[in-house]
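Results of the structural survey
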Amino acid sequence: GSNSAWVCQFLQQTALFGYGIAYTITASISFRAILKANCYHAHGHDAPCSFDGSYYMLMFGGVQLLLSSIPDFHDMAWLSVVAAVMSFSYAFIGLGLGLANTISNGVIKGSITGVPMKTPVAKVWRVSQAIGDIAFAYPYSLILLEIQDTLKSPPAENKTMKKASIISILVTTFFYLCCGCFGYAAFGNDAPGNLLTGFGFYEPYWLIDFANACIILHLLGGYQVYSQPIYQFADRHFAERYPGSGFVNDFHTVKVPLLPPYRVNLLRVCFRTAYVASTTAVAIFFPYFNEILALLGALNFWPLAIYFPVEMYFIQRKVPRWSTRWLLLQGFSTVCLLISAFALVGSIQGVISQKLG
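Residues numbered from 1 in each chain as written. Predicted model: local features only at pLDDT ≥ 70, side-chain atom pairs only at ≥ 80, totals over all residues. Heavy atoms only, no water.

**Thoughts on helix H7 (residues 205-241)**
Here is the rule: Numbering of helices and strands runs from the N terminus, with a helix taken as a DSSP run of H or I at least four residues long and a strand as a DSSP run of E at least two residues long. A helix is expected to span 1.5 Å multiplied by its residue count minus one. One axis fitted to the seven residues ending at a residue, another fitted to the seven starting there: the angle between these axes is the bend at that residue.
The terminal C-alpha atoms of H7 lie 54 Å apart, and with 37 residues this matches the ideal 54 Å at 1.5 Å per residue to within 8%. Bending of H7 peaks at approximately 35° at the position of Ser227, with proline Pro229 no more than four residues after it.

Right, dumping it as structure tokens:
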């Protein structure tokens, strides 16, 4: 129905905006990690190497503003290739360093109960934030249909997408489990929230630099992958609502020396500038890596990855009410709702405590 479609669209657009914020925070952390790695290598691991993240968020936002102004950027297939290569590179590096550190330690650190906290309540909050982080780890469902829409047939788009989804879930789960388990085995309760930026690893510093450079390049493309659907929605929405507006529909040719003529649309310039500026501003105000990721994951996981797909499945397959399949899927959806609510409350508490602390 139209009401469900509008709710789903609102949640999706909000989630995509949130991922822009998360990517801005993560990129600034990786920028600083490169500088810290070089500083620690030059002056020792106890040196006071600290750098302000706001400057690097602004720099990342400036690059995104430039990328957002490139016409037909969403049609550049090489973007996904570069992002995938970068992702595999830093994932292999994180996995390799965790495994090597575990072997050199000669012992598996940590415990089955995880990091001890001062009070049981603090432990509950930390567990809820961890669940939110796990939910954030599979955000591709937000843009699955946008990706599927770019595929050509035959074979049928949904069949190709199903195969691609199975492969991607298996590969990403393998890396998540290996990096998480080996990272915890290597550092135990001292494991940082981000293995490649929290300085569990100091050497080889050049490899840490390379891994964080891969993260930054991945995030430059990833930000656009999650922003382009919003840009295209805004272009369509305003063009349909104001068909006679020159501000919305007219293109102006701008000639830049040594470059081909460039067509500029004033609406696109204003909207995309405001969008990038807003994600950057929120990231500067709430620069909390794990807490923001947990909040986004908890907020979007149940409605977009569980509820709407289950409801659509009921309608498409005409599943009878109170049948065994209906009861099982409704139970599954309810359990996921409770877990998401638990993670959401803990994530909000984490963001507030970080801001006030």
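Read on, since the account is not over.
**Some details on the UniProt feature "transmembrane region" (unreviewed entry) in the protein**
Keep this limit in mind: UniProt positions are given in the numbering used here, feature names are shortened, and annotations may be inferred rather than shown by experiment.
The feature "transmembrane region" (unreviewed entry), as given by UniProt, occupies residues 16-35, 55-71, 77-100, 166-185, 205-226, 269-286, 292-315 and 327-352 in the numbering adopted here. The annotated region residues 205-226 carries 100% helix and 0% strand content, and the separation between its end C-alpha atoms amounts to 31 Å. In residues 269-286, the share of helix is 94% and the share of strand is 0%. The end C-alpha atoms are 26 Å apart.

**Quick word on the packing of helix H1 (residues 2-43) against helix H10 (residues 289-316)**
The cut-off we apply is this: Orientation is described by axes fitted as lines to C-alpha atoms, over the contacting stretch for helices, and by angles from 0 to 180 degrees between their N-to-C directions. By the definition adopted for this analysis, an angle is roughly parallel if under 35 degrees, roughly antiparallel if over 145, roughly perpendicular if from 65 to 115, and oblique otherwise. Left-handed is the label given to a crossing in which the near helix is rotated counterclockwise from the far helix by less than a right angle, and right-handed is the label when the rotation is clockwise. Two residues form a contact once any of their heavy atoms are found within 4.5 Å. Ten residues, namely Ala, Val, Leu, Ile, Met, Phe, Trp, Tyr, Cys and Pro, are considered nonpolar, four, namely Asp, Glu, Lys and Arg, are considered charged, and the remaining ones, Gly among them, are considered polar.
Where H1 meets H10, the closest approach of the two axes is 10 Å, and the angle between their N-to-C directions is 155°. Classified by the angle between their axes, H1 and H10 sit roughly antiparallel to one another. In this structure, H1 crosses over H10, and the sense of that crossing is left-handed. Along the contact surface, H1 presents Ser4, Val7, Cys8, Leu11, Gln12, Ala15, Gly18, Tyr19, Ala22, Ile25, Thr26 and Ile29, while H10 presents Phe289, Ile292, Leu293, Leu296, Asn300, Pro303, Leu304 and Phe308. Of the residues assigned to the contact of H1 with H10, the class counts are 15 nonpolar, five polar and no charged.

**A closer look at unusual backbone geometry**
Applied cut-off: Relative accessibility decides the category of a residue: with a 1.4 Å probe and only protein chains considered, values under 20% of the type maximum give buried, values over 50% give exposed, and everything between is partly exposed.
A positive phi angle, close to 50°, is found at Lys318, a residue other than glycine. Inspection of the secondary structure assignment puts Lys318 in the loop between H10 and helix H11 (324-356). The residue Trp322 is not glycine, and still its phi comes out positive at about 65°. For Trp322, the position within the fold is in the loop between H10 and H11. By relative accessible area, Trp322 is classed as exposed at 63%.

**Observations regarding the pattern of salt bridges**
Worth spelling out the cut-off: Any carboxyl oxygen of Asp or Glu within 4 Å of a side-chain nitrogen of Lys or Arg constitutes a salt bridge here.
Applying the stated rule across the entire model yields two salt bridges. The residue Asp235 makes a salt bridge to Arg268 at a minimum N-O spacing of 3.3 Å. With Asp235 in helix H7 and Arg268 in helix H9 (residues 266-285), this pair connects stretches of sequence that are 33 residues apart. A relative accessible area of 29% means that Arg268 is categorised as partly exposed. Among the salt bridges present, the one from Arg272 reaches Asp235, with a minimum N-O distance of 3.1 Å.

**With respect to a nonpolar patch on the surface**
Keep this limit in mind: Patch construction takes residues with relative accessible area above 30% that form no salt bridge. Like charges are linked within 9 Å, and nonpolar side chains (Val, Leu, Ile, Met, Phe, Trp, Tyr) are linked within 5 Å. In these tables, accessible area is a Shrake-Rupley quantity obtained with a 1.4 Å probe, and a residue counts as shielded only by the protein chains included in the view.
Where nonpolar side chains cluster on the molecular surface, the patch consists of Phe88, Phe92, Ile167 and Val171 and spans about 360 Å² of accessible area. The set of elements that each furnish at least two residues to the nonpolar patch consists of helix H3 (77-105) and helix H6 (157-187). Looking at the element boundaries, Ile167 is found in helix H6. Relative accessible area serves as the criterion here: at 48%, Ile167 is assigned to the partly exposed category.

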